[in-house]
Amino acid sequence: MFSRAKNGNGFGDVILHPSLNKRIAQLASATANTKEHQAPFRNMLFYGPPGTGKTMVARELAHKSGLDYALMTGGDVAPLGSQAVTKIHQLFDWAKKSNRGLLLFIDEADAFLCERNKTYMSEAQRSALNALLFRTGDQSKDIVLALATNRPGDLDSAVADRIDEVLEFPLPGEEERFKLLKLYLDKYIAQAGSRKSGFSLFKANPQKIEIKGVTDDIIKEAAAKTDGFSGREIAKLMASVQAAVYGSDNCVLDASLFREVVDYKVAEHQQRIKLAASDKPS
Ligand SMILES: Nc1ncnc2c1ncn2[C@@H]1O[C@H](COP(=O)(O)OP(=O)(O)O)[C@@H](O)[C@H]1O
Ligand SMILES: [Mg+2]
């Protein structure tokens, strides 16, 4: 349960390329020590395809930074209407009072911080963006911004100017896919049915699954086949494996059932890519 505590810089269950992992660990400790060194915070941007761990990392970074933090999603801003500006000022007023400093994480930042001239924006949204820019100007000593987006090119240029550290979250390579497969095999299959979920009247505890012959070599084979999968897709693949096991009558996962599910998930992935490509205007 508390495996993430075993090493101060470990980012729990997030699996990333070692070089990215290292940079994140460095940024995390730099952020945690910023106040002490009386240095300005470094604002950061995480970008990359969907499902690659940006939200996971930003949340952990927020927890670990030792700062007060606020998490928001870009898409939450528009529905707030004219309330948005007020909320933003409130947030920054609160941050000013904090003597630890504030980490403000804006997930799906492009929905809120998109280029002002290029996209249609309501008056309220525009004022919210201006308020944010105003309050994060001149090397703020109280606030570190962390933004995550799949579309870094859509960010307003004034926002982009505020960014000091840009981290790319690429799709996982073969080695990372192997580790992701192992992680989710453990989570969804090996640990299935072992959790004490307390007394439940209507839901039976999930049955324990027996794993037979799903060796590292079999998993390596799956890692090679899942080229182009995101971390999220690998997690979902393993959820499908779990469903297939529960759908079988003996609750056993063997190499051939595992392969079968991997193969159809790979086919499904390729089909989806084809469909997406044919959607695009040529
Ligand atoms: N690098 C990763 N390591 C472990 N799990 C991952 C990773 N990337 C994605 N996942 C899985 O996919 C889900 C979505 O990841 P998320 O961080 O929300 O992606 P993003 O914000 O980049 O779109 C996570 O909850 C996790 O189950
Ligand atoms: Mg996300």
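Structural notes, computed from the coordinates. Because the structure is a prediction, the values reported are computed rather than measured.

1. Some points on the overall build of the protein
Then, in step 1: Looking only at helices and strands, one finds ten helices and seven strands in the protein.
Then, in step 2: A principal-axis box enclosing the C-alpha atoms of the protein has dimensions of 60 × 50 × 45 Å.
Then, in step 3: Residue pairs at least 24 apart in sequence account for 80% of intrachain contacts in the protein once pairs closer than 6 positions are excluded.
Then, in step 4: Approximately 15800 Å² of the protein is accessible, and the part contributed by carbon and sulfur atoms is 52%.
Then, in step 5: Across the protein, the mean location of the 38 positive side-chain charges is 4 Å away from that of the 35 negative side-chain charges.

2. Section: the pattern of salt bridges
Then, in step 1: Scanning all chains against the criterion turns up 16 salt bridges.
Then, in step 2: The salt bridge partner of Glu 60 is Lys 64, with a shortest N-O separation of 3.8 Å. Taken together, the residues span about one helical turn, with Glu 60 and Lys 64 both in helix α2 (residues 54-64) at a distance of four residues.
Then, in step 3: A relative accessible area of 10% places Glu 60 in the buried class.
Then, in step 4: The salt bridge involving Asp 263 is made with Lys 225; its shortest N-O contact spans 2.8 Å. Of this pair, Asp 263 sits in helix α10 (residues 255-279) while Lys 225 sits in helix α8 (residues 216-225), placing them 38 residues apart in sequence.

3. A look at the site of ligand 1
Then, in step 1: Ligand 1 sits among 15 residues. The nearest are Ile 15, Gly 51, Lys 54, Thr 55 and Tyr 184.
Then, in step 2: A distance of 2.7 Å separates a nitrogen atom of ligand 1 from a polar backbone atom of Ile 15.
Then, in step 3: Here an oxygen atom of ligand 1 sits 3.0 Å away from a polar atom, N or O, in the main chain of Met 56.
Then, in step 4: Within the residue set of the shell around ligand 1, elements represented by two or more residues are α2, α7 (174-190) and α9 (231-247).
Then, in step 5: Broken down by element, the shell around ligand 1 gets its largest block of residues, three residues, from α2.
Then, in step 6: Per-class residue counts for the shell around ligand 1 are seven nonpolar, five polar and three charged.
Then, in step 7: Mapped onto the domain boundaries, the shell around ligand 1 takes at least three residues apiece from domain 1 (3-168) and domain 2 (174-279).

4. Describing the environment of Ser 98
Then, in step 1: Assignment of secondary structure puts Ser 98 in the loop between α4 (83-97) and β3 (102-107).
Then, in step 2: Along the primary structure Ser 98 and Asp 142 are separated by 44 residues, whereas in three dimensions their C-alpha atoms are 8.1 Å apart.
Then, in step 3: Polar contacts involving the side chain of Ser 98 include one to the main-chain amide nitrogen of Arg 100, which spans 3.1 Å.

5. Points about the packing of α8 against α10
Then, in step 1: For the pair α8 and α10, the least separation of the axes is 10 Å and the interaxial angle reads 5°. As summarised for this structure, α8 and α10 are arranged roughly parallel, according to the angle between their axes. Along its contact with α8, which presents Ile 218, Glu 221, Ala 222 and Lys 225, the element α10 presents Ala 255, Phe 258, Arg 259, Val 262, Asp 263 and Val 266.
Then, in step 2: For the contact of α8 with α10, the residue count by class is six nonpolar, no polar and four charged.

Calculation criteria
Residues numbered from 1 in each chain as written. Chains lettered and ligands numbered in written order. Predicted model: local features only at pLDDT ≥ 70, side-chain atom pairs only at ≥ 80, totals over all residues. Heavy atoms only, no water. Helix = DSSP H or I, 4+ residues; strand = E, 2+ residues; numbered from the N terminus. Contact = heavy atoms within 4.5 Å. Areas by Shrake-Rupley, 256 points an atom, 1.4 Å probe, with all protein chains shown as cover. Lys, Arg positive; Asp, Glu negative; His and termini not counted. Charge placed at Lys NZ, Arg CZ, Asp CG, Glu CD. Salt bridge = Lys/Arg side-chain N within 4 Å of Asp/Glu carboxyl O. Buried < 20%, exposed > 50% of the residue type's maximum accessible area, 1.4 Å probe, protein only. Near = heavy atom within 4 Å. Polar contact = N/O pair within 3.5 Å; in protein donor to acceptor, adjacent residues only side chain to side chain. Nonpolar A, V, L, I, M, F, W, Y, C, P; charged D, E, K, R; others polar. Domains from an automatic or database assignment. Axes fitted to C-alpha atoms, helices over the stretch in contact; angles between N-to-C directions. Parallel < 35°, antiparallel > 145°, perpendicular 65-115°, else oblique.

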